Amino acid sequence: MSSRAREREAAREAARREREREAAREAAREQANGSSHPPREARERQAARQPTRENTRENTRESREEREAARDAKEGGGDSRNYPSLYINKLKQGGDLSNILKQLRRTLETERIAWIDRFRQKGGSAALVEVLSKTQQIQPPTPREEQIQLQSLKCLQILLNDTEAVEEVLEEDNSLLKQVSESLDTPLPTIKVMVYELLAAIMLLHPDGHTAVLEAMDWFKYKKRERRRFLHLLETIIHEKSAETRAAALSFINCIINTPEDLDDRVELRNEFVSLGFDKLIEKLKQVEMEEKVLEQIENYEQDASQDEEEFKERLGNRKINVKDPKDLFINLVKHLRNAPYLRPLLLSILKNLVVMPTDKNSGLKCWLLATKFVHQISAQCPTINWDTGKSVELDELMMSLDEEELEALKESPNAVSYTHLRAHETP
């Protein structure tokens, strides 16, 4: 298991142990305060003495809320003003949302885990996302909307601080993370930092978190009509005056690149940032940046890139290849196929098609990017070929679709000769 995998596993295990300790403390508190709650019969008598209110629609709604609160009291306990259902109703009704969210955040920070679980189970996360969505629709946002967004994100950050909570979110349609990502379109640095930290935690807490966050980034690109995915991250680093925000953006980029276990996935993501000019940006930052927290993230990026390069060299074995030199790569490709002459026709076919492939910045760029992604996933023997659109196809299915007669003919082809004429181009 790699060091990155051990770190993620340790984080998940720490979160699980903390949850168990809190559950034990909660049980101890309930045992110590067992007499503080009236017996069930007394609560039922008290509920029975309440006047019925079923004559009007408003009274019916209030009665329903009281029943919800009664269930909260039975399952969660605590101050009746802090029942999860009452908070959720307040969020749905609107009003002074800024103060309601501040009260909710304080409650989430101090209440027991059972209360937080109850809040999630009753739709608290969805209610917060709905509030977030409504404020995001107001452009440009007023200071009030910005504060509501900030408080909503703080509440969501508390709710999504363990593996089980994240798993509940990922089992749905990922709308929560997509909505959270839209909050990156803000001039308020505090909100950006909050979103970066929340999404980074999602990637670390759950095995499927990384894929879900990438989908959220694709969603942001679509909604905000970005030319390229992740472009807003580089723009934030370039234009943001706050060192904390720049450091948070860099940390988020490091998390995106380094979370995958597979080396090929990490290299592909790093190359995507390089194609945006990230390496050039890093070099400029090193010359002018004075903030330690920013320089630390730059150092982490370079160290991780160096480690991946060393891991790739180990995969190559004794072959010394300059992976940044096309000529050196081609020479080593020829060497790699030296003992497989039956692949010669296929190599020549690939090269001939590449020579005539368009090179313009529109369809040509798309063709080359598509070919790159496809070849990468095949070479890595990924069981599923995935595309950014969310579509996928099983590699085994593609393999099964190949013509067996054509494969046999290639094995026996008279053109399956050595690469003698190509060796002349090799360096001594």
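As a starting point, this report considers the structure included with it.

Criteria and thresholds
Residues numbered from 1 in each chain as written. Predicted model: local features only at pLDDT ≥ 70, side-chain atom pairs only at ≥ 80, totals over all residues. Heavy atoms only, no water. Helix = DSSP H or I, 4+ residues; strand = E, 2+ residues; numbered from the N terminus. Buried < 20%, exposed > 50% of the residue type's maximum accessible area, 1.4 Å probe, protein only. Contact = heavy atoms within 4.5 Å. Areas by Shrake-Rupley, 256 points an atom, 1.4 Å probe, with all protein chains shown as cover. Axes fitted to C-alpha atoms, helices over the stretch in contact; angles between N-to-C directions. Parallel < 35°, antiparallel > 145°, perpendicular 65-115°, else oblique. Left-handed = near helix turned anticlockwise from the far one by under 90°. Nonpolar A, V, L, I, M, F, W, Y, C, P; charged D, E, K, R; others polar. Core = buried A, V, L, I, M, F, W, Y, C linked by side-chain atoms within 4.5 Å. Lys, Arg positive; Asp, Glu negative; His and termini not counted. Salt bridge = Lys/Arg side-chain N within 4 Å of Asp/Glu carboxyl O. Polar contact = N/O pair within 3.5 Å; in protein donor to acceptor, adjacent residues only side chain to side chain. Phe/Tyr/Trp six-rings, centres within 6.5 Å; stacked < 30°, edge-to-face > 60°. Lys NZ or Arg CZ within 6 Å of the ring centre and 35° of its normal. Expected span 1.5 Å × (residues − 1). Patch = residues over 30% accessible without salt bridge, like charges linked within 9 Å, V, L, I, M, F, W, Y side chains within 5 Å. Arc of directions from axis to C-beta.

This next bit is on the overall build of the protein. Each helix and strand counted, the protein has 23 helices and 2 strands in total. Sorting the 428 residues of the protein into buried and exposed places 39% on the buried side. Contacts in the protein between residues far apart in sequence, at least 24 positions, make up 64% of those at least 6 positions apart. Approximately 25,900 Å² of the protein is accessible, and the part contributed by carbon and sulfur atoms is 51%.

Quick look at the packing of helix α13 (residues 231-239) against helix α14 (residues 243-258) now. At a minimum axis separation of 8 Å, α13 and α14 run at an interaxial angle of 150 degrees. As summarised for this structure, α13 and α14 are arranged roughly antiparallel, according to the angle between their axes. Along this stretch, α13 crosses α14, giving a crossing that reads as left-handed. Taken together, the residues of α14 that come into contact with α13 (itself represented by Leu 233, Thr 236 and Ile 237) are Thr 245, Arg 246, Ala 249, Leu 250, Phe 252, Ile 253 and Ile 256. Along the lines of polarity and charge, the residues of the contact of α13 with α14 split into 7 nonpolar, 2 polar and 1 charged.

Right, let's talk about the nonpolar core for a bit. Grouped together as the largest cluster of nonpolar side chains are 75 residues, with contacts concentrated most on Leu 91, Phe 252 and Phe 278. Residue contributions to this core peak at 11 residues, all from helix α11 (residues 189-205). Among all residues touching Phe 252, those that are not within four sequence positions of it are Tyr 196, Leu 199, Ala 200, Met 203, Val 213, Met 217 and Leu 233.

Summarising the element assignment, Glu 182 is placed in helix α10 (residues 175-182). Look at Glu 182: it is buried, it has no salt bridge, and the nearest opposite charge is Lys 224 at 4.2 Å. At 3.0 Å, the side chain of Glu 182 and the side chain of Trp 219 are in polar contact. Contact partners of Glu 182, with chain neighbours within four places excluded, come to Gln 136, Trp 219, Phe 220, Lys 223 and Lys 224.

This next bit is on the packing of aromatic side chains. Aromatic ring pairs: the centre-centre distance and the angle between the two ring planes describe each pair. For the coordinates displayed, the defined rule picks out 7 aromatic pairs. With centroids separated by 5.5 Å and ring planes inclined at 25 degrees, the aromatic side chains of Tyr 196 and Phe 252 adopt a geometry described as stacked. Pair noted here: Tyr 196 is in helix α11 and Phe 252 is in helix α14, with a separation of 56 residues, a long-range link. In this structure, Tyr 196 and Phe 252 share a single accessibility class: buried. Taking 4.6 Å as the distance between ring centres and 15 degrees as the angle between the ring planes, the aromatic pair formed by Phe 230 and Phe 273 counts as stacked. With Phe 230 in the loop between α12 (209-224) and α13 and Phe 273 in helix α15 (residues 263-275), the pair connects residues that are 43 residues apart, well separated along the chain. Taking relative accessible area as the criterion, Phe 230 reaches 0% and is therefore assigned buried. An aromatic cluster is present here, built from Phe 230, Phe 273, Phe 278 and Tyr 301 joined pairwise through their rings. If you follow Lys 90 out to its NZ or CZ, it ends over the ring of Tyr 87, 5.6 Å from the centre.

Glancing now at helix α17 (residues 292-316). Because each turn of an α-helix spans 3.6 residues, side chains separated by three or four positions end up pointing in the same direction. Spanning 25 residues, α17 covers 36 Å between terminal C-alpha atoms, matching the ideal 36 Å at 1.5 Å per step. Of the residues trailing α17, Gly 317 is marked for its positive phi of about 75 degrees.

Attention shifts here to the pattern of salt bridges. In this structure the tally under the stated criterion is 15 salt bridges. Notably, a salt bridge pairs Lys 224 with Asp 185, separated by 3.3 Å at the nearest N-O pair. Taken together, the residues Lys 224 in helix α12 and Asp 185 in the loop between α10 and α11 connect sequence positions 39 residues apart. Among the salt bridges present, the one from Lys 313 reaches Glu 309, with a minimum N-O distance of 4.0 Å. Of this pair, Lys 313 and Glu 309 both sit in helix α17, separated by 4 residues, roughly a single helical turn. On the basis of relative accessible area, Lys 313 is assigned to the partly exposed category, the value being 40%. A residue is classified by how much of its surface remains accessible, and Glu 309, at 41% relative accessible area, is partly exposed.

Quick look at a nonpolar patch on the surface now. Nonpolar side chains collect at one region of the surface, where Ile 350, Leu 354 and Trp 368 lie side by side and expose about 250 Å² of accessible area between them. Checked against the element boundaries, Leu 354 lands in helix α19 (residues 344-356). Leu 354 gets classed as partly exposed once you look at its relative accessible area, which sits at 30%.

Bringing helix α16 (residues 278-288) into the picture now. Within α16, the full set of buried residues consists of Phe 278, Leu 281, Ile 282 and Leu 285. Along α16, the residues classed as buried sweep out an arc of 105 degrees about the axis, all on the same side. Exposed residues lying more than 90 degrees from the buried face of α16 are Lys 280, Lys 284 and Gln 287. The inward-facing, buried residues of α16 abut α13, α14, α15 and α17.

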